[in-house]
Each structure stands twice: as C-alpha cells, then as structure tokens.
Amino acid sequence: MTAPEIGVLLVDDQELVRSGLRRILRRKDGFVIVAECGDGAEVPAAVVEHNPDVVVMDIRMKNVDGIQATRALRHLETSPPVLVLTTFDDDELLSGALRAGAEGFILKDSPAEDLIRAVRRVAAGDGFLDPTVTGRVLSTYRTAAQPTGNVGPGLDGLTAREVDVLALIGRGFSNAEIAQELGIAGVTVKSHVGHIFVKLDLRDRAAAIVYAFDHGVVTPGESLRE
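Residues numbered from 1 in each chain as written. Predicted model: local features only at pLDDT ≥ 70, side-chain atom pairs only at ≥ 80, totals over all residues. Heavy atoms only, no water.

Visitor: Go over the overall build of the protein chain with me, naming the residues and quoting the values.
Guide: Summing up its helical and strand segments, the protein chain has 10 helices and six strands in all. Out of the 226 residues belonging to the protein chain, those deemed buried represent 51%. Counting contacts in the protein chain only where the partners sit at least 6 residues apart, residues at least 24 apart contribute 70% of the total. Carbon and sulfur atoms provide 51% of the accessible area of the protein chain, an area that totals close to 10700 Å². (Helix = DSSP H or I, 4+ residues; strand = E, 2+ residues; numbered from the N terminus. Buried < 20%, exposed > 50% of the residue type's maximum accessible area, 1.4 Å probe, protein only. Contact = heavy atoms within 4.5 Å. Areas by Shrake-Rupley, 256 points an atom, 1.4 Å probe, with all protein chains shown as cover.)

So, in structure tokens, the structure goes:
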C-alpha cells in the first residue's frame with residue numbers, strides 16, 4: 001500500500017530558496033507542494049485554503065517573519081506543524097520560534113536527505129531539532145525564560161516512565177526512537193506522550209521540548225540524538 005503524499009506549504013521571501021526546496025521535496029519522494037507564500041502574513045489564509053500537512057517556513061522574512069507567522073497559526077481552529085528553516089547564528093530567533101509553537105528547526109544548508117527526514121518527521125507529529133545548534137538554541141531559550149527552579153509544578157504528577165519519555169522528547173527522539181530506546185511498544189509511547197501533554201497542559205511536542213529544558217528534565221549541553 002502506497003503511503004499518502006505529504007502536503008507541504010513553502011514559506012520564504014526568496015523565490016530562489018523556494019525553487020531549491022521544490023527540487024528537494026519531490027512527488028516521487030512522497031511530497032506535494034500545495035502552495036507557496038513569500039511573506040508570513042499570507043500563511044494563515046494559505047493554511048485555511050490548502051490544508052497542508054506541514055509548513056516549511058523561513059524564520060527571517062522582511063515583513064512578517066517566521067515567528068509571527070507561526071504564532072498566528074495557533075489562533076486557527078486546526079493548524080499544521082511548522083518546520084523552521086534557519087541559518088547557523090539564529091539562536092535567539094529559534095528559541096522564539098519554539099515558544100511560538102514550531103515543532104522543529106533545520107539549517108538551510110543541511111543535506112537534502114536531512115531536510116526530507118525532518119519534513120517527514122514533523123508532518124508525522126514528531127519534533128526535529130537540528131543537532132548542530134540545538135544545545136545553543138535551548139540554552140538561549142532557557143536564559144530568556146529565566147526559570148525559577150529545576151522542578152516544574154506538574155512533574156510530580158508524572159510517572160517515572162513518563163519522565164523518561166519526556167526526557168527523550170526533549171532530546172529530539174521520535175516516538176519510534178523512544179520505543180526502541182526504552183524497549184516498549186510504539187503504541188505505549190504514544191499513550192505516554194498523550195498523558196504527558198494532558199498532565200502538563202502542553203499543546204504539542206514543541207511545547208514538551210521547551211518544558212523539558214525549562215524545568216531541568218534535560219539540560220543544555222546534554223548529549224542529543226545524533
């Protein structure tokens with residue numbers, strides 16, 4: 001049985017960049033570009049009209065940037081996950097994108113196969129954090145957030161296994177990788193993730209990643225998934 005195609009909305013204010021992304025995210029690899037936007041202001045309307053499975057969005061745009069556009073999507077009744085495209089030195093912007101609700105980020109100069117994997121993972125509901133910059137970005141997030149302590153108010157409501165799962169989410173593991181790491185079934189991981197979201201009042205995986213770092217479940221500099 002053929003897997004369904006992944007509908008992608010491309011958002012970048014440079015046509016040359018969008019052209020390059022089109023060449024990578026090809027139909028023969030399971031992608032279909034449902035629409036393109038040259039400004040973040042166009043994104044909510046494009047999402048409503050075209051119902052993409054994932055938004056691949058540049059973080060730096062001249063008018064409405066990727067952070068503002070990602071935040072605007074949270075006001076829709078339903079919104080697709082967002083994968084942010086960035087350059088090596090955008091730590092503060094990336095931490096802002098995570099707070100706005102982006103499910104992942106990847107460097108613009110990453111190999112094509114890494115971009116393909118990242119888009120697939122984010123479209124499937126898993127986060128993707130480019131390991132090249134993840135530690136720095138989350139350190140920046142944590143500094144800006146100024147947490148008051150290492151133990152979050154909801155952590156005592158999690159089971160030991162749920163804390164293990166939250167830590168692996170924070171390190172960028174997918175559900176399948178968590179299942180392999182902990183030696184449990186994928187359906188069990190999915191159940192744990194759902195319980196974590198409910199108990200900690202988290203809207204999505206990106207919020208769980210931020211929560212894990214903000215509350216000391218994972219610490220900046222800790223070994224991340226390769």
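Visitor: Explain helix α7 (residues 160-170) to me, and be specific about the residues and the numbers.
Guide: Of the residues making up α7, those classed as buried are E162, V165, L166, A167, L168, I169 and G170. On the buried face of α7, the contacting elements are β6 (128-129), α8 (175-182), α9 (186-200) and α10 (205-214). Of the residues flanking the end of α7, it is G172, one or two places downstream, whose phi is positive at about 90°.

Visitor: An account of the nonpolar core is requested, with residue identities and associated values reported.
Guide: Soluble globular proteins: nonpolar side chains tend toward being buried together. Counting 48 residues, the largest nonpolar core has L9, V43 and L166 as its most contacted members. For this core, the element with the most residues is α10, which contributes seven residues. Ignoring any residue separated from it by four or fewer positions in sequence, one finds L166 in contact with L155, L158, I196, L200, A208, Y211, A212 and V217. In this structure, F31, V56, I106 and I116 belong to the second largest nonpolar core, which totals 17 residues. (Core = buried A, V, L, I, M, F, W, Y, C linked by side-chain atoms within 4.5 Å.)

Visitor: Kindly report on the side chain of R205, identifying the contributing residues and their values.
Guide: Mapped onto the secondary structure, R205 falls in helix α10. You can call R205 buried: its relative accessible area is 5%. Reaching out from R205, the side chain makes a polar contact with the backbone oxygen of F173 at a distance of 3.1 Å. If near-sequence neighbours (up to four positions away) are discounted, R205 is found in contact with G125, D126, G127, I169, F173, S174, N175, I178, V193 and F197. (Polar contact = N/O pair within 3.5 Å; in protein donor to acceptor, adjacent residues only side chain to side chain.)

Visitor: Describe in detail the side chain of D65, supporting the description with residues and values.
Guide: Note on placement: D65 falls in the loop between β3 (54-58) and α3 (66-73). Among buried charged residues, D65 stands out as having no salt bridge; its nearest opposite-charge side chain is R71, 6.4 Å away. Of the polar contacts made by the side chain of D65, one reaches the backbone nitrogen of I67; its length is 3.1 Å. (Lys, Arg positive; Asp, Glu negative; His and termini not counted. Salt bridge = Lys/Arg side-chain N within 4 Å of Asp/Glu carboxyl O.)

The analysis is restricted to geometry; functional conclusions fall outside its scope.
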